[in-house]
Amino acid sequence: MRCGPRKILAVAVTFAASFLVATNLLPRLPLGPKSAQRLESIPHFEVPRDAFFVETMGDELSQMVLWHGLGDSIDNARRADILFVGDSRMPVGLPEEVIVPAAAALGLRVFSLACGHVERVRFAMELIRKFDLHPKIVVVVGGPHVFKDVWSEPAEKARRLTRWQALSAWMEADTRWRLQVRLHSWLPRIDWLGSRLTGPWILYRSARTGWLLPVVEPSSRYPIGVAADDPSYASLLPLARELKAELDRRGAELVLSVVPYGDTRTGHLAFLGQELGVATVLPSFDGMFTADGSHLDRSSAETYAADFWRRFIALPEVRRKLRLDDRSQDDPATAG
Amino acid sequence: VSFVSLSFVVVQLAALLLRAVSGRSRVAFVVGLVALSWLSYAWSAPQYLFLILLTTTIDYGVARLLAATPPAAGGARRGLLLVSLTLNLGILGYFKYATFLARSWTALAGGLGLWTPGVTTADIVLPIGISFYTFESISYTIDVYRGRIEAEKSFLKLACFIAFFPHLVAGPIVRAGDFLYQLERPRRIRLTVFAEGTYLVTRGLFLKLVVADNLGQLVDLHWKTAAGAPPGTLAASLLVFFACQLFCDFAGYTDIARGLAYQLGLRLPINFDAPHLAVTFSEFWRRWHITLSSWMRDYVYIPLGGNRRGSVRVAVNLLLVMLVAGLWHGAKWTFVVWGAIHGVAIVLERTLGIARGPRRGWTRAAWYVAVQATWIASLGMFRAEDVQQGYRVIRNAIAGLTTLTGTSSSSATAIAIGWWFVLPVVALHLRSLSIERRWLGAVTPLEKAAYAGLMWAAILTLYATGREFIYFQF
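Residues numbered from 1 in each chain as written. Chains lettered and ligands numbered in written order. Predicted model: local features only at pLDDT ≥ 70, side-chain atom pairs only at ≥ 80, totals over all residues. Heavy atoms only, no water.

Assigned secondary structure in chain A consists of 13 helices and 14 strands. In terms of overall dimensions, chain A has a C-alpha envelope of 85 × 40 × 40 Å along the principal axes. For chain A, the residues scored as buried account for 53% of the 336 residues in total. Across chain A, every contact between residues at least 6 apart in sequence was considered, and the portion connecting residues at least 24 apart equals 81%. Carbon together with sulfur atoms contributes 54% to the accessible area of chain A, which is approximately 15300 Å² in total. Considering chain A, the positive charge centre built from 42 side chains and the negative charge centre built from 40 side chains are found 7 Å apart. (Helix = DSSP H or I, 4+ residues; strand = E, 2+ residues; numbered from the N terminus. Buried < 20%, exposed > 50% of the residue type's maximum accessible area, 1.4 Å probe, protein only. Contact = heavy atoms within 4.5 Å. Areas by Shrake-Rupley, 256 points an atom, 1.4 Å probe, with all protein chains shown as cover. Lys, Arg positive; Asp, Glu negative; His and termini not counted. Charge placed at Lys NZ, Arg CZ, Asp CG, Glu CD.)

Listed below in structure tokens is the structure:
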């Protein structure tokens, strides 16, 4: 069959016309009640420097990147004086823009191993072992659940992959996200069945500091709630003791803290602090709000993080370990 | 590498570049294709690449030996064939059925105090695509043994036939006689052929990403409810959705595979021919997964005696073939039951003398409904985690239809939306019917351009979360 220029033009025009009509028509199709339809556009945002996208269609990539040492993250964790451990509430509630400059002012490097999807202490501890990390201080930030001895689903998945599979999955997810951002900035995705492209948060992760960096976040305000403590926190002790022993072997101090959320529990701090003989930091929850019922909103987080840092850096164990008083004698500007 | 991954786009672009720069040089094209095919397989499962190499080497060697053995030496030739079959089926059996057999034996013998294997839950990871390339390799050796084709002299060409990346992982199950000759002299790339390939890829992506994945999302979400809830239309809806999901997933894969091969100037056989137009069970299997059905016919059914040994033996042969076809899909009792349902249905049809279709209009219509309803219901077993769950879904679906009990769950809206995704399947079949009955002519290039525009709009806006192709697990 011959294929002349006219025929090619006719096919191209038909394709374009059909595409244009369909892209305008599809969002208007009454497939179900209007309330069930979502037109998802990805808003414009600035991609943070040295950061990678971490969450796509329900899949968190942080655990995969950290577990397989992809990119520069683990190299930066190796250089850190203080490692922060916890779930997604930690980096949102103690944001990078407060903690990292405050630490840098004292000549300290910090790195966050905290991951979303309710990651627990076990994952961070195994990372410390796997990559033989030697921080001076490890701060575990979270409710009692972070001491439950389980792996999150993304961490389990990451462990099952080979390094090559993890690398290709990461590249795949990253490229797909870049394409989706471009595509859905002009052509919305239509969702009738509740499989959302993004949640209310769009998160990146800094390879330099390990912090989760929200580029899009919800704007709601929910008050903080303090829930009644469990009758006993003894079940948390085995993992907590294992972590303490591991850090003792490495000459690191353990500090415990919490970031408030919808039904915060704090009793485990006092219990574990006493049982393990470690310091705890519990800033005031007054005037705090969450953006989604679980993570602090930005202004609360800034206030809370500043309060946290002030209390943290005043702890005698911390000052001794980081030799802050020695330094402050040499240079008054670095005094906490 | 999955077709719906960006890594695969790189592989296909590399193949197209290879096609363009190799010109009509057969050697460069074949070497490049083999390298890309192995690379794309090793991309996700490097540890199993050796199995493809092993299978290729075994069948290359056996076929060459068969070619060198005179036809008079029947025993030696049968021995060689036996070596190939034993090794190929041994590898397939170990990876696909060892765990199943161990578990089944443990369940059966454990209670009787008989010996059971120490490792009862040993999960041997199934190498992706093994069922497909093993069958292709076996068919090559049998065809050489039967004298239908000559033994291939070039190891690379045979390797290309077995590992050619578009069909490696989930078919279609290609015959050597249909493929190897195409490698002799690569054809020029023609715009119309390339455009046809691109259209097939577009249709495949649409069927997979828009129809199959959206329906799959619904089916996954509500399947357990359909099995556990009281009878209602939910179970029946889900079975229809799953039937459409399975069709679009597998036919979509085949479309993409055939389209990619077209773009490279190679032809792969069709695998689906509007199966939901089939009026009889026999016809259904001539329209559904055609390359597997014809493989079963040529390499299992006919060697068992085919139609030649009396009605009882024919019935037994048909049942056996369908049980093997069921087991081919996976080492689970649900697939055995699924195969048995279709075996019994085909035997019943032959017994009633309507294998070629009832003649009268109303009996024809009634039998059509029976055939399609049986297929859809049987997929309850195909999709189920175990036989009990499959039975419950089928029972709930039938009870729901007969009593017309509404879906009481809050998922009613989602289910109602799901029916819209069935429409493309209906449209596809109606267009095929219009061609078969000559109501309309074949799809013209302009019509294809219009469909392609519509499908790309849907792919870019209505795609669901990327699920793996269902047939990857087989």
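The next subject is the overall build of chain B. When you go through chain B residue by residue, the secondary structure sums to 19 helices and 0 strands. A globule of 474 residues ought to have a C-alpha radius of gyration of about 23 Å, and chain B, at 23 Å, matches this closely. When the backbone C-alpha atoms are referred to their principal axes, chain B occupies close to 65 × 65 × 50 Å. Here chain B holds 474 residues, and the buried ones make up 55% of them. For chain B, the share of sequence-separated contacts (at least 6 apart) that also reach a separation of at least 24 residues comes to 76%. Accessible surface computed for chain B: about 20100 Å², of which carbon and sulfur atoms make up 67%. Seen as two clouds, the 42 positive and the 22 negative side-chain charges of chain B have centres 6 Å apart. (Rg over C-alpha atoms; globule rule 2.2 N^0.38 Å.)

A separate point is the interface of chain B and chain A. Accessible area lost upon the coming together of the parts serves often as the stated size of an interface. In this complex, chain B contributes 33 residues to the contact, which on the side of chain A involves 38 residues. Taken together, both faces of the contact between chain B and chain A bury some 3000 Å²; the carbon and sulfur share is 73%. Considering only the surface of chain B that becomes buried against chain A, L6(B), T461(B) and Y463(B) emerge as the three largest contributors, covering 21% of it. Along the contact surface separating chain B from chain A lie 0 salt bridges. Joining chain B to chain A, the criterion identifies 7 residue pairs in polar contact (both at pLDDT 80 or more). Here the side of chain B that touches chain A takes 13 residues from helix α19 (residues 445-462) of chain B, the largest share from any one element. A breakdown of the residues in the side of chain B that touches chain A according to their chemical character gives 22 nonpolar, 10 polar and 1 charged. (Buried area = accessible area lost by both parts, 1.4 Å probe. Salt bridge = Lys/Arg side-chain N within 4 Å of Asp/Glu carboxyl O. Polar contact = N/O pair within 3.5 Å; in protein donor to acceptor, adjacent residues only side chain to side chain. Nonpolar A, V, L, I, M, F, W, Y, C, P; charged D, E, K, R; others polar.)

Moving on to the packing of aromatic side chains. Tallied over the full model, the rule gives 44 aromatic pairs over all chains. Ring geometry for W164(A) against W43(B): centres 5.1 Å apart, planes inclined by 70°, an arrangement best described as edge-to-face. With W164(A) in helix α8 (residues 163-186) and W43(B) in helix α2 (residues 26-44), this pair bridges two chains. Overall, W164(A) belongs to the partly exposed group, its relative accessible area being 38%. Under the relative-accessibility criterion, W43(B) is labelled partly exposed at 22%. The cationic tip of R159(A) hangs over the ring face of W151(A); the distance from NZ or CZ to the ring centre is 3.7 Å. (Phe/Tyr/Trp six-rings, centres within 6.5 Å; stacked < 30°, edge-to-face > 60°. Lys NZ or Arg CZ within 6 Å of the ring centre and 35° of its normal.)

So, on to the pattern of salt bridges. Residue and element names in this part refer to chain B. For the structure on display, the rule yields 38 salt bridges over all chains. A salt bridge links E447 to R431; the nearest nitrogen and oxygen atoms lie 2.8 Å apart. In this pair, E447 sits in helix α19 while R431 sits in helix α18 (residues 423-436), placing the two residues 16 residues apart along the sequence. The exposure class of R431 is buried, given its relative accessible area of 15%.

For the rest of this paragraph, the subject is the nonpolar core. By size, the foremost hydrophobic cluster in this structure holds 150 residues, and its most contacted members are L33(B), Y140(B), F161(B) and F179(B). Among the elements that line this core, the one with the most residues is helix α10 (residues 233-263) of chain B, at 19 residues. Apart from the residues within four sequence positions on either side, L33(B) is in contact with L18(B), C160(B), F164(B), F165(B), L264(B) and L266(B). One finds V65(A), V110(A), W211(A) and L322(A) within the second-largest nonpolar core, a separate group that totals 92 residues. (Core = buried A, V, L, I, M, F, W, Y, C linked by side-chain atoms within 4.5 Å.)

What follows concerns the sheet that holds strand β10 (residues 212-216) of chain A. Residues and elements named next belong to chain A. Here we have 3 strands laid out as an open sheet, ordered β2-β9-β10, and antiparallel in their pairing. Each of the sheet's edge strands pairs with one partner strand only, and the pair in question is β2 (51-53) and β10. Taken pair by pair, the neighbouring strands of this sheet meet at an average axis angle of 35°, ignoring direction. Two strands pair when backbone bridges link them, and strand β9 (residues 202-206) and β10 are joined in this way by 4 bridges, in the antiparallel orientation. (Pairing = 2+ DSSP bridges. Axes fitted to C-alpha atoms, helices over the stretch in contact; angles between N-to-C directions.)

Moving on, we get to helix α9 (residues 191-228) of chain B. The terminal C-alpha atoms of α9(B), which comprises 38 residues, lie 53 Å apart, in line with the 56 Å expected from a rise of 1.5 Å per residue. The largest bend in α9(B) comes to about 45°, at H222(B). (Expected span 1.5 Å × (residues − 1). Bend = angle between axes of the 7 residues up to and from the residue.)

A few words on the sheet that holds strand β12 (residues 253-257) of chain A. Residue and element names in this part refer to chain A. Sheet architecture is open: 5 strands sit in the order β6-β5-β7-β12-β13, paired in parallel fashion. Since the sheet does not close on itself, it has two edges, and those belong to β6 (110-112) and β13 (279-281), each with one partner. Neighbour-to-neighbour, the strand axes of the sheet open up by a mean angle of 25°, direction not taken into account. Sheet topology places β12 next to β13; 3 bridges connect them, and they run parallel.

Another aspect to go through is the confidence of the model for chain A. The share of residues in chain A with pLDDT of 70 or more is 96%, and the mean pLDDT across the chain is 89. Counting contacts from residues 332-336 of chain A, a segment whose pLDDT is below 50, to residues more than four positions away or on other chains yields 9 contacts. (pLDDT = per-residue confidence, 0-100.)

Here the focus is the environment of V125(B). Residue and element names in this part refer to chain B. Position of V125 relative to the elements: it lies in the loop between α4 (74-109) and α5 (130-146). Along the backbone, V125 and Y48 are 77 residues apart, and their C-alpha atoms lie at a distance of 10.0 Å. When sequence neighbours within four positions are dropped, the list of residues in contact with V125 reads Y48 and F95.

Residue and element names in this part refer to chain A. Where burial is concerned, most of β9 is hidden: 5 out of the 5 residues are buried. Residues I202, Y204 and S206 of β9 are buried on one face, and the alternating residues L203 and R205, pointing to the opposite face, are buried as well. Sheet topology places β2 next to β9; 3 bridges connect them, and they run antiparallel. Counted as the bridge partner of F52 is R205 from β9. Where β9 hands over to β10, the hairpin turn is made up of 5 residues, of which G210 adopts a positive phi near 80°.

With that settled, the discussion passes to the side chain of E60(A). Residue and element names in this part refer to chain A. Turning to its location among the elements, E60 is positioned in strand β4 (residues 59-60). No salt bridge is formed by the buried E60; the nearest opposite charge belongs to R205, separated by 4.5 Å. Within the structure, E60 has its side chain in polar contact with the side chain of S62 (distance 2.6 Å). From its side chain, E60 meets the backbone nitrogen of G116 in a polar contact 3.4 Å long.

Take the side chain of E152(B) next. Along the chain, E152(B) turns up in the loop between α5 and α6 (155-163). When sequence neighbours within four positions are dropped, the list of residues in contact with E152(B) reads Y60(B), R64(B), Y140(B), K157(B), L158(B) and L180(B).

Although it is not a glycine, R323(A) adopts a positive phi angle of roughly 55°. With respect to the helices and strands, R323(A) occurs in the loop between α12 (316-321) and α13 (324-330). Positive phi values are uncommon outside glycine, yet A274(B) reaches one of about 45°. With respect to the helices and strands, A274(B) occurs in the loop between α10 and α11 (281-287). On the basis of relative accessible area, A274(B) is assigned to the buried category, the value being 9%.

Where like charges cluster on the molecular surface, the positive patch consists of R187(B), R188(B), R190(B) and R267(B). With respect to the helices and strands, the residue R267(B) is situated in the loop between α10 and α11. (Patch = residues over 30% accessible without salt bridge, like charges linked within 9 Å, V, L, I, M, F, W, Y side chains within 5 Å.)

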